[in-house]
Amino acid sequence: MKILKDKVTKLSFVALLMAVTAAMVYTPTASAHGEKSQAAFMRMRTIHWFDLNWSKEVLAVNDTMTISGKFHVFAGWPETVDKPDISFLNIGIPGPVFIRAGSWIGGQLVPRSVSLELGETYEFKVLLKARRPGDWHVHTMMNVKGGGPIIGPGKWVTVTGSMSSFTNPITTLTGETIDLETYNLSNVYFWHAFWYALGLAWLAYWARKPMFIPRLIAVESGKADSLITPTDKKVALAFGVGAIAIVAMSMSTTNQRYPVTTPLQAGLLRGMKPIEMPATTIAVKVDDATYRVPGRAMQMTLTVTNNGDSAVRLGEFNTAGVRFLDSKVAEDTTGYPDDLLAEEGLTVSDNSPLAPGQTRTIQVTASDAAWEVYRLADLIYDPDSRFAGLLFFYDEAGNRQMVMVDSSLIPTFT
Ligand SMILES: [Cu+2]
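Notes on the structure in this doc start here. The structure presented is a predicted model; accordingly, all values stated were derived computationally and were not measured. (Residues numbered from 1 in each chain as written. Predicted model: local features only at pLDDT ≥ 70, side-chain atom pairs only at ≥ 80, totals over all residues. Heavy atoms only, no water.)

1. Regarding a nonpolar patch on the surface
Right, so step 1: On the surface, Tyr196, Leu200, Trp202 and Leu203 cluster together into a nonpolar patch covering about 440 Å² of accessible area.
Right, so step 2: Inspection of the secondary structure assignment puts Leu200 in helix 3 (residues 185-207).
Right, so step 3: The exposure class of Leu200 is partly exposed, given its relative accessible area of 45%. (Patch = residues over 30% accessible without salt bridge, like charges linked within 9 Å, V, L, I, M, F, W, Y side chains within 5 Å. Areas by Shrake-Rupley, 256 points an atom, 1.4 Å probe, with all protein chains shown as cover. Salt bridge = Lys/Arg side-chain N within 4 Å of Asp/Glu carboxyl O. Helix = DSSP H or I, 4+ residues; strand = E, 2+ residues; numbered from the N terminus. Buried < 20%, exposed > 50% of the residue type's maximum accessible area, 1.4 Å probe, protein only.)

2. Looking at empty space enclosed by the protein
Right, so step 1: The tally for this structure, following the rule as stated, stands at one cavity of 30 Å³ or more.
Right, so step 2: In this structure, the largest cavity spans a volume of roughly 70 Å³.
Right, so step 3: Put simply, the parts of the chain that give the lining of the largest cavity at least two residues each are strand 14 (312-319) and strand 18 (359-367).
Right, so step 4: In terms of residue count, strand 14 provides more of the lining of the largest cavity than any other element does, three residues in total.
Right, so step 5: Considered class by class, the residues forming the lining of the largest cavity number six nonpolar, two polar and three charged. (1 Å grid on protein atoms, 1.4 Å probe; cavity = no way out; pocket = protein on both sides within 12 Å on 5 of 7 lines; lining within 4 Å. Points joined across faces, edges and corners; volume = space filled by probe spheres on them. Nonpolar A, V, L, I, M, F, W, Y, C, P; charged D, E, K, R; others polar.)

3. Regarding unusual backbone geometry
Right, so step 1: Pro294 follows Val293 through a cis peptide bond whose omega is -5 degrees.
Right, so step 2: For Ala320, which is not glycine, the phi dihedral falls at a positive 50 degrees.
Right, so step 3: Looking at the element boundaries, Ala320 is found in the loop between strand 14 and strand 15 (322-325).
Right, so step 4: Positive phi, close to 60 degrees, is recorded for Arg375, a residue that is not glycine.
Right, so step 5: Along the chain, Arg375 turns up in the loop between helix 6 (370-373) and strand 19 (386-395).

4. Remarks on the side chain of Ser115
Right, so step 1: As for its placement among the helices and strands, Ser115 is situated in the loop between strand 6 (108-109) and strand 7 (121-130).
Right, so step 2: Assessed through its relative accessible area of 11%, Ser115 is described here as buried.

5. A look at the pairing of strand 13 (residues 297-306)
Right, so step 1: For strand 13, the tally of buried residues reaches nine of 10 residues, placing the bulk of the element in the interior.
Right, so step 2: Where strand 12 (residues 282-292) and strand 13 come together, nine bridges link them in antiparallel fashion. By the bridge assignment, Thr290 is partnered in strand 13 with Gln299.
Right, so step 3: Once strand 12 ends, the chain turns through four residues before running back antiparallel as strand 13.
Right, so step 4: For strand 13 and strand 18, the ladder comprises nine bridges, and the chain directions are antiparallel. (Pairing = 2+ DSSP bridges.)

6. Some remarks on the environment of Leu354
Right, so step 1: Following the sequence through the fold, Leu354 ends up in the loop between strand 17 (346-348) and strand 18.
Right, so step 2: Exposure remark for Leu354: the relative accessible area of 4% places this residue in the buried category.
Right, so step 3: Separated by 43 residues in the primary sequence, Leu354 and Ala311 have C-alpha atoms spaced 5.0 Å apart.
Right, so step 4: Discounting residues that sit within four places of it in the chain, Leu354 has contacts with Val304, Thr305, Asn306, Ser310, Ala311, Val312, Thr359 and Arg360. (Contact = heavy atoms within 4.5 Å.)

7. Remarks on the sheet that holds strand 2 (residues 58-60)
Right, so step 1: A sheet is described by the order of its strands in space; here four strands give the open sequence 2-9-8-4, paired in mixed fashion. The sheet is open, and its two edges are formed by strand 2 and strand 4 (87-92), each paired on a single side. The sheet shows a mean angle of 35 degrees between the axes of neighbouring strands, direction not considered.
Right, so step 2: Here strand 4 pairs with strand 8 (residues 134-144) via six bridges, running antiparallel. Paired with Ile91 across the strands is Thr140, a residue of strand 8. (Axes fitted to C-alpha atoms, helices over the stretch in contact; angles between N-to-C directions.)

By themselves these figures say nothing about function.
Next comes the structure, spelled out in structure tokens:
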């Protein structure tokens, strides 16, 4: 029996050791943080992020970087997501590994929630200041009240240096320069410690005498009054009056020390300036769209009419942050996240220049591992099998036109 017990103990120890080692060695680098698990049709039919640019990939603590780009608010917004009347331009990072030094939509600073209009395209910029060393997957993101987080593409950014050197100086309107990283901290510590100590002192005053059984007996035998002596009453009065006096005095000294204070600034920002998108001269009709289950690609049959005055070719299809490019037409120069970039992911049956006035029906295949990795293939589980995305056409001079497409997306099983 003893031997068996020893064996079990030994084996459990080995198992524990193995588990610990495995946990230490196995550190998966997640390349997406939340968006994969969201319904595919929601990601395809809410906000389309494009023209994104991360100004740096490596920076030191206290250095700044910007993430800029555009987003299109899809007009066929899903029913189950509240309209983006109250939205907040956020950034998706694991805590304040950066601080957001500023964020703008259409050139306007947006520290508060904003109203966005369906069908409009906006330009945005976020200024980040590095705070904590590490490798961080930084996402653009929009929080929609009544809808949830709408997560944009994420890119790995490395912060070097030491967090202890981080500072966040601001100059107030009263002319004082403070460091928001530590400002007022000792004051907060002091007052919390002070009042906590006062509470403990009150408890200790009573607890120095026997607390429960003798007092219970005294109360039960009708001698409750004997438990509170005249001294006790004086002490209670001192505590009561003292607490009120300290509150009143410290309130007035605080008012003297900080004579100018304002309430918290809040309230929805309306009237965000959208980008005036030039009227598109390309008409696209989605004749049908399918995806194979299981599979890594979607196919569309598009009838494209060029109403402009120069020949165009299809360069990109963008949905849910995944960019499918025809490398013969378009090339990414922005350092777009690898896992979301299909450099040769777009195949067009006939991608010769479409002359002005011409109409052509083309077969377009958007194919990449990202379709599966980012679980767009999981559309099969969604209650609304429709997609939406952006098509980018380029003319000979390199001018780009964006066309929004949206249609049902039918699975095929053969
Ligand atoms: Cu991520």
